[in-house]
Amino acid sequence: MKYLRSLRFRIMLVLLLIGIVPIVIASSVIVRGYKSRAIALRISHVKNQCEVICSSILSEDYLAEGGKSAVIDSQLSMISNIYNGRLLIINGAFKVIRDTYDIDTGRTSLSKEVITCFQTGSGSTQYDDRNAYIEVTSPIINPSTFNVEGVLIASVSTNEIQQNARHLENQGIVVTVVSSILVLICGFFISNILVRPFAEVTRAIEDVTDGYEDEAISVPAYIETEQITDAFNRMLARVRALDNSRQEFVSNVSHELKTPLTSMKVLADSLNGQEDVPVELYKEFMSDIAQEIDRENNIISSLLNMVRMDKKAASMNFERKDVGELLEQVIKRLRPLTRKREIELIMDPYEPVEADIDVTKLSLAFSNLIENGIKYNKDGGWVRVSLKNDAKYFYVNVSDSGMGIPQDQIEHIFERFYRGDKSHSTEIEGTGLGLAITKSAILLHRGVIKVTSNEGKGSVFMVRIPIVHEE
Ligand code: ADP
């Protein structure tokens with residue numbers, strides 16, 4: 001059953017149909033043509049002969065009682081010999097006066113053909129295919145009176161024509177069988193050659209799967225195989241890119257998690273390595289260690305947040321909520337961070353807008369943006385949050401008066417673990433995961449996020465999210 005579905009089998013089938021059907025049609029047309037032509041010829045011959053005999057019958061006055069004629073006899077026996085036929089001569093009294101088979105001589109013949117022939121003066125022809133004979137009925141017409149004086153019936157066998165036709169038919173069958181075998185043999189080889197490139201594609205893909213081959217595969221034999229291998233190469237490139245980014249991610253995570261541990265180890269070792277350490281130094285080092293523990297904690301909770309964002313859109317929990325209220329709550333939670341550095345955190349006046357949002361994920365996204373605005377700001381600066389909407393979208397802008405982002409870094413800030421140079425040098429705490437999380441959350445809402453920034457002056461993060469979430 002599996003073989004029936006294979007390309008090879010279908011190629012063989014097509015070749016067989018193309019090779020055999022015309023032969024079958026041609027041989028049946030030839031046999032039929034031969035048969036009908038041979039029969040038509042025979043009828044016309046017999047008719048001619050009958051006409052000749054009819055005129056001899058008249059000239060020899062054969063129809064008269066007891067008529068005898070050597071000429072007629074020889075003509076009759078000639079025809080009956082050539083065509084293996086039977087001839088009957090019937091006179092005006094419907095009496096059979098001559099039967100070459102000598103069966104019906106002296107009897108009365110009232111067959112339909114004879115009566116019609118006497119009545120209309122025209123002959124008739126019948127062909128019986130099943131019994132293989134032709135019957136030609138010819139009137140014997142007196143040329144001076146135009147009277148039908150008798151009827152000549154010639155029945156000739158068509159056995160020989162049918163035998164010839166059968167012979168031709170047999171030859172046709174032999175030709176069909178021989179060419180079928182030839183087509184099958186050729187088809188086997190041709191289909192093997194034609195499907196070989198596909199087998200090569202399979203082998204190349206298997207080699208890649210088994211790990212023998214690292215390169216892009218190529219089977220340029222057909223456009224189709226080239227398309228398959230191109231598509232496969234694209235998929236392979238994607239899988240490799242995913243694999244690379246997974247590896248990079250794992251190594252980044254390990255590195256980020258190790259850094260606080262290394263610091264703690266250094267701090268603890270230096271305490272352990274000293275004799276009579278003053279209590280103040282202990283306290284200082286211990287508070288440093290506590291800071292590192294906090295950092296480790298931050299990284300782990302950011303990672304957990306990110307893993308949650310990575311889950312498919314199906315894990316989204318959309319509800320219709322007031323976006324302004326959500327922003328107010330985020331700002332309220334972050335306000336303590338602004339106090340020490342006298343940063344002004346302002347929410348611009350807004351019109352309430354309700355939208356389909358996942359409150360937890362979107363709070364986290366806006367919280368990251370506003371927290372960054374505070375973190376990367378100067379003392380006494382400001383962070384401004386605005387909310388606007390139109391019929392389709394709501395727009396949230398978070399602007400700050402901070403240090404800004406250099407142009408060459410803007411394209412990287414949404415990458416996982418990316419931290420700007422200044423964040424390192426000024427030792428602002430962070431994991432480099434905040435904006436990656438923010439972007440995933442916004443994408444899960446089918447929104448977009450953009451940044452514009454002026455180094456030294458500040459940055460604006462612009463978010464646009466559809467009010468109605470469509471699947
Ligand atoms: P983190 O803040 O933990 O470093 P983020 O992913 O939140 O990580 O930000 C990535 C980088 O983008 C930051 O290290 C910082 O250099 C830059 N950045 C983000 N927000 C701002 C901002 N408001 N002003 C200046 N730089 C910013």
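Reference entry: report on the structure contained in this document. (Residues numbered from 1 in each chain as written. Predicted model: local features only at pLDDT ≥ 70, side-chain atom pairs only at ≥ 80, totals over all residues. Heavy atoms only, no water.)

## A word on the sheet that holds strand 2 (residues 96-99)
Note the following rule: Should DSSP find at least two bridges between two strands, the strands are taken to pair. Runs of E in the DSSP output that reach at least two residues are strands. Runs of H or I that reach at least four are helices, and both are numbered from the N terminus. To get an axis, fit a line to the C-alpha atoms, keeping to the stretch in contact for a helix; angles then go from 0 to 180 degrees between the N-to-C directions. Any two residues whose heavy atoms approach within 4.5 Å are treated as being in contact.
If you trace the five strands from one edge of the open sheet to the other, you get 2-1-5-4-3, paired in antiparallel fashion. Of all the strands in the sheet, just strand 2 and strand 3 (124-128) have a single pairing partner and so form its edges. Strand-to-strand twist of the sheet, defined as the mean angle between neighbouring strand axes without regard to direction, takes the value 15°. Direction of pairing for strand 1 (residues 85-91) relative to strand 2: antiparallel, over a ladder of three bridges. Bridge assignment links Ile89 to a residue of strand 2, and that residue is Arg98. Across the sheet, helix 3 (residues 112-120) is in contact with strand 1, strand 3, strand 4 (133-141) and strand 5 (148-157); its angle to strand 5 comes to roughly 140°.

## Looking at the nonpolar core
The condition is simple: Only buried residues count toward a nonpolar core. Its members are Ala, Val, Leu, Ile, Met, Phe, Trp, Tyr and Cys residues joined through side-chain atoms within 4.5 Å. The classification of residues rests on relative accessible area computed with a 1.4 Å probe and restricted to protein chains. Under 20% of the type maximum is buried, over 50% is exposed, and intermediate values are partly exposed.
Of all hydrophobic cores here, the largest spans 35 residues; its most connected members are Ile370, Phe394, Val396 and Phe461. At six residues, helix 7 (residues 323-339) tops the list of elements feeding residues into this core. Listed in part, the 23 residues of the second largest apolar core include Ile39, Leu76, Ala154 and Val156.

## A short note on the packing of helix 1 (residues 7-59) against helix 2 (residues 70-83)
If you want to describe how two helices pack, look at the angle between their axes and the distance between the axes. What counts, and what does not: Between 65 and 115 degrees an angle is taken as roughly perpendicular, under 35 as roughly parallel, over 145 as roughly antiparallel, and anywhere else as oblique. Residue polarity follows a fixed list, in which Ala, Val, Leu, Ile, Met, Phe, Trp, Tyr, Cys and Pro are nonpolar, Asp, Glu, Lys and Arg are charged, and the others, Gly among them, are polar.
Two elements in contact, helix 1 and helix 2, have axes separated by 10 Å at closest approach and are oriented at 170°. As judged from the angle between their axes, helix 1 and helix 2 are roughly antiparallel. On helix 2, the residues touching Arg42, His45, Val46, Gln49, Val52, Ile53, Ser56 and Ile57 of helix 1 are Ile72, Gln75, Leu76, Met78, Ile79 and Tyr83. The residue inventory of the contact of helix 1 with helix 2, partitioned by class, reads nine nonpolar, four polar and one charged.

## Here's the deal with the environment of Asp390
Basically, it comes down to this: Polar contacts, as counted here, are pairs of nitrogen or oxygen atoms within 3.5 Å of one another; within protein the pair requires one atom able to donate a hydrogen and one able to accept it, and residues that are adjacent in sequence qualify only if both atoms are side-chain atoms.
Inspection of the secondary structure assignment puts Asp390 in the loop between strand 9 (382-389) and strand 10 (393-400). Taking the C-alpha atoms as reference, Asp390 lies 41 Å from Ala237; in sequence the two are 153 residues apart. Apart from residues no more than four positions distant in its own chain, Asp390 is found in contact with Tyr395 and Ile467. Of note is the side chain of Asp390, whose polar atom sits 2.8 Å from the backbone nitrogen of Tyr393. Polar contacts involving the side chain of Asp390 include one to the side chain of Tyr395, which spans 2.7 Å.

## Digging into the pattern of salt bridges
Definition in use: We define a salt bridge as a contact between a side-chain nitrogen of Lys or Arg and a carboxyl oxygen of Asp or Glu at a distance within 4 Å.
Taken as a whole, this structure holds twelve salt bridges when the rule is applied. Where Asp129 meets Lys35, a salt bridge forms, and the shortest distance between an N and an O atom there is 3.6 Å. Highlighted residues: Asp129 in the loop between strand 3 and strand 4 and Lys35 in helix 1, separated in sequence by 94 residues. Relative accessible area serves as the criterion here: at 39%, Asp129 is assigned to the partly exposed category. A relative accessible area of 24% means that Lys35 is categorised as partly exposed. The partner of Lys361 in a salt bridge is Asp358, and the shortest N-O contact between them spans 3.7 Å. Since its relative accessible area comes to 11%, Lys361 is described here as buried. One salt-bridge network, in which partners are shared between bridges, spans Arg86, Asp99, Asp104 and Arg107.

## Here's the deal with the pairing of strand 10
Burial within strand 10 is extensive, with six of its eight residues counted as buried. Bridging between strand 9 and strand 10 involves seven bridges; their strand directions are antiparallel. Bridge assignment links Leu387 to a residue of strand 10, and that residue is Val396. Count of turn residues in the strand 9/strand 10 antiparallel hairpin: three residues. Strand direction decides the pairing type here: strand 10 and strand 12 (residues 458-466), joined by seven bridges, are antiparallel.

## Observations regarding unusual backbone geometry
In this model, Asn84 sits at a positive phi of 55°, which is unusual for a non-glycine residue. Among the secondary structure elements, Asn84 is positioned in the loop between helix 2 and strand 1. Within the chain, Asp102 stands out as a residue other than glycine whose phi angle is a positive 55°. When you line up the elements, Asp102 lands in the loop between strand 2 and helix 3. With relative accessibility at 62%, the residue Asp102 sits in the exposed group.

## Some details on the layout of surface pockets
Empty space among the atoms becomes visible once a probe the size of a water molecule is rolled across them. Our working definition: In this analysis a 1.4 Å probe is tested at points of a 1 Å grid over the protein atoms alone, and where it fits but cannot get out there is a cavity; an open set with protein on both sides within 12 Å along at least five of seven lines is a pocket; lining residues have an atom within 4 Å of a point. Grid points are joined across faces, edges and corners, and a volume is the space filled by probe spheres set on the points.
A volume near 1,200 Å³ is recorded for the largest pocket. Put simply, the parts of the chain that give the lining of the largest pocket at least two residues each are helix 6 (279-310), helix 7, helix 8 (359-375), helix 10 (421-425), helix 11 (434-444) and strand 12. Considering every element that reaches the lining of the largest pocket, the biggest residue donor is helix 8, with eight residues. Here the residues of the lining of the largest pocket are counted per class, giving 15 nonpolar, 17 polar and ten charged.

## Brief notes about the packing of aromatic side chains
We apply this condition: Between rings of Phe, Tyr and Trp, where Trp is taken as its six-membered ring, a pair exists when centres lie within 6.5 Å; planes separated by under 30 degrees are stacked, by over 60 edge-to-face, and by other angles tilted. Distance and angle both matter: a charge sits over a ring if NZ of Lys or CZ of Arg is within 6 Å of the ring centre and within 35 degrees of the ring normal.
Counted by the stated rule, this structure contains six aromatic pairs. Relative to Phe9, the ring of Tyr3 lies with its centre 5.7 Å away and its plane at 65°, an arrangement referred to as edge-to-face. Relative accessible area serves as the criterion here: at 43%, Tyr3 is assigned to the partly exposed category. Residue Phe9 is classed as partly exposed on the basis of its relative accessible area of 22%. The ring of Phe414 carries the charged tip of Lys439 above its face, separated from the ring centre by 5.3 Å. Looking at Arg464, its charged tip hangs above the ring of Tyr393, at a distance of 4.2 Å from the centre.

## Notes on the sheet that holds strand 11 (residues 448-454)
In space, the five strands of this open sheet follow the order 7-9-10-12-11, with mixed pairing throughout. With partners counted over all chains shown, the strands left at the sheet margins are strand 7 (344-347) and strand 11, one partner each. For this sheet, the mean angle separating the axes of adjacent strands, direction not counted, is 10°. Two strands pair when backbone bridges link them, and strand 7 and strand 9 are joined in this way by four bridges, in the parallel orientation. Counted as the bridge partner of Ile346 is Arg384 from strand 9.

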